[in-house]
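Below, each chain spelled out in residue letters.
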Amino acid sequence: MKFSTICLLAPLQLCAAYMGSGGYLSQLSEVRSSASATVDAPPADPVVAEVAAPAEPVPVAVAVAPADPVTAAAAPAPPVGQFADGVDEAAAFAASTFPIAPEDLIVRAKEVLSRDVGLGTKDGGECLAEDFEFVAQVVGPIGREEYLGALGTFDLESAFDITPNGFGFSVDPLQTNRVWFFNRVRATHTGTFMGAEPTGKQVVYPPQVQHIDFDESGKIREYGFYTADRRQGNTGGLGGAFGFMAAVGKSPPVPEFRPYKRSKRFRALLFFGDFMKRFQK
């Protein structure tokens, strides 16, 4: 049987099915008869339903468990002396009697570090107080005249192209006349230094922590610096002029002028400590 014949016969078969007993047309007739009977019947009396008044809300008591005295108590304050505890800097500066404000003191520190002043080496010591002292990791403390005389023997600027790389300036809240800062010196050996001909070597200093103390007139009372991490850089952990000497191989034959090396006694002490640990296991 072709598809077109099926299309024509299918509607006819559906019509026959619905016209037969129980088909669609007989069902429709029954529905119409039922509808007519319903329309001819007299209307029923309306039923009025009484609506009850809303009941008053009944309060419900909610039991609340007593607070745990352990968890309800405030957390204890961290013990004084912990690193995270910190210093109340605002209160410390407010209580300070030093006449120069912290922000102005940092400006002054950058002024005396400039190339025009050079911590007293470029202005004839004008920025240095009469009681000035220089103190570093090894050298010092030395006074004003000795300091100026010692720096005059090192012509670093003609032998090295130096970038100081200072950063992290801050005023000490517990010693409000002191400015702390860091630097990471980078330099290139471009001229003769202590007999060493220029090599073009790149000199990389370890990070150094430096400080400048001022008097009430803004003059320097103390200046010093210390290596913060001797494992960085290529000067063997040395800073100041010692770092330049080590970089070009001109360190004097003195332990303090050379990269750190453990003494024989210290090495013997460490060996003895390790030896005793073996018997404690």
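Model, not experiment: these values are computed from the prediction.

Describing the overall build of the protein chain
Working step 1: Helix and strand counts for the protein chain come out as nine helices and nine strands.
Working step 2: Within the protein chain, contacts between residues at least 6 apart in sequence are counted, and of these 53% link residues at least 24 apart.
Working step 3: Surface exposure of the protein chain reaches about 20,100 Å², of which carbon and sulfur atoms provide 60%.

Details of the packing of aromatic side chains
Working step 1: Under the criterion given, the structure shown has 10 aromatic pairs.
Working step 2: Note on Phe132 and Tyr147: the rings are 4.9 Å apart at their centroids and 55° apart in plane angle, and the pair reads as tilted. Highlighted residues: Phe132 in strand β1 (residues 128-134) and Tyr147 in helix α6 (residues 144-152), separated in sequence by 15 residues. Assigned by exposure class, Phe132 and Tyr147 land together as buried.
Working step 3: Note on Phe160 and Phe193: the rings are 5.2 Å apart at their centroids and 70° apart in plane angle, and the pair reads as edge-to-face. Taken together, the positions of Phe160 in strand β3 (residues 160-163) and Phe193 in the loop between β6 (186-189) and β7 (202-204) put the pair 33 residues apart, joining distant regions of the chain. Like Phe193, Phe160 is buried.
Working step 4: An aromatic cluster of at least three residues, connected via ring pairs, comprises Phe132, Phe134, Tyr147, Tyr223 and Phe225.
Working step 5: The lysine or arginine in question, Lys110, covers the ring of Phe169, its NZ or CZ lying 5.0 Å from the ring centre.

What about the pattern of salt bridges?
Working step 1: If you walk through the whole model with that rule in mind, you get seven salt bridges.
Working step 2: Members of the salt-bridge network, linked through shared partners, are Arg178, Asp213 and Glu222.

A short note on the confidence of the model for the protein chain
Working step 1: Scored by pLDDT, the protein chain has a mean of 78; 69% of the residues are at 70 or more.
Working step 2: For the protein chain, the element scoring lowest by mean pLDDT is helix α1 (residues 3-19), at 38; strand β5 (residues 178-183) scores highest, at 98.
Working step 3: Note on residues 1-44: pLDDT is under 50 here. Beyond four places in sequence and across chains, it has 11 contacts.

Comments concerning a nonpolar patch on the surface
Working step 1: A cluster of nonpolar residues, Phe271, Phe272, Phe275, Met276 and Phe279, forms a patch on the protein surface that exposes about 570 Å² of accessible area.
Working step 2: Along the chain, the position of Phe279 falls in helix α9 (residues 264-280).

What about the nonpolar core?
Working step 1: The biggest cluster of nonpolar side chains holds 23 residues, and the ones touching the most others in it are Val112, Phe134, Tyr147, Ile212, Phe214, Ile220 and Tyr223.
Working step 2: Listing elements by their share of this core, those giving two or more residues are α5 (102-113), β1, β5, β8 (208-214) and β9 (220-227).
Working step 3: Here Phe214 is in contact with Phe98, Leu105, Arg108, Ala109, Val112, Asn177, Val179, Lys219, Ile220 and Arg221, once residues within four sequence places are set aside.
Working step 4: Leu156, Ile162, Ala187 and Phe244 belong to the second largest nonpolar core, which has 16 residues in total.

Examining the environment of Thr190
Working step 1: If you trace the backbone, Thr190 turns up in the loop between β6 and β7.
Working step 2: Judged by relative accessible area, which is 47%, Thr190 ranks as partly exposed.
Working step 3: Apart from the residues lying within four places of it in its own chain, the contact partners of Thr190 are Ser158, Ala159, Phe160, Asp161 and Pro198.

Conventions adopted
- Residues numbered from 1 in each chain as written.
- Predicted model: local features only at pLDDT ≥ 70, side-chain atom pairs only at ≥ 80, totals over all residues.
- Heavy atoms only, no water.
- Helix = DSSP H or I, 4+ residues; strand = E, 2+ residues; numbered from the N terminus.
- Contact = heavy atoms within 4.5 Å.
- Areas by Shrake-Rupley, 256 points an atom, 1.4 Å probe, with all protein chains shown as cover.
- Phe/Tyr/Trp six-rings, centres within 6.5 Å; stacked < 30°, edge-to-face > 60°.
- Buried < 20%, exposed > 50% of the residue type's maximum accessible area, 1.4 Å probe, protein only.
- Lys NZ or Arg CZ within 6 Å of the ring centre and 35° of its normal.
- Salt bridge = Lys/Arg side-chain N within 4 Å of Asp/Glu carboxyl O.
- pLDDT = per-residue confidence, 0-100.
- Patch = residues over 30% accessible without salt bridge, like charges linked within 9 Å, V, L, I, M, F, W, Y side chains within 5 Å.
- Core = buried A, V, L, I, M, F, W, Y, C linked by side-chain atoms within 4.5 Å.

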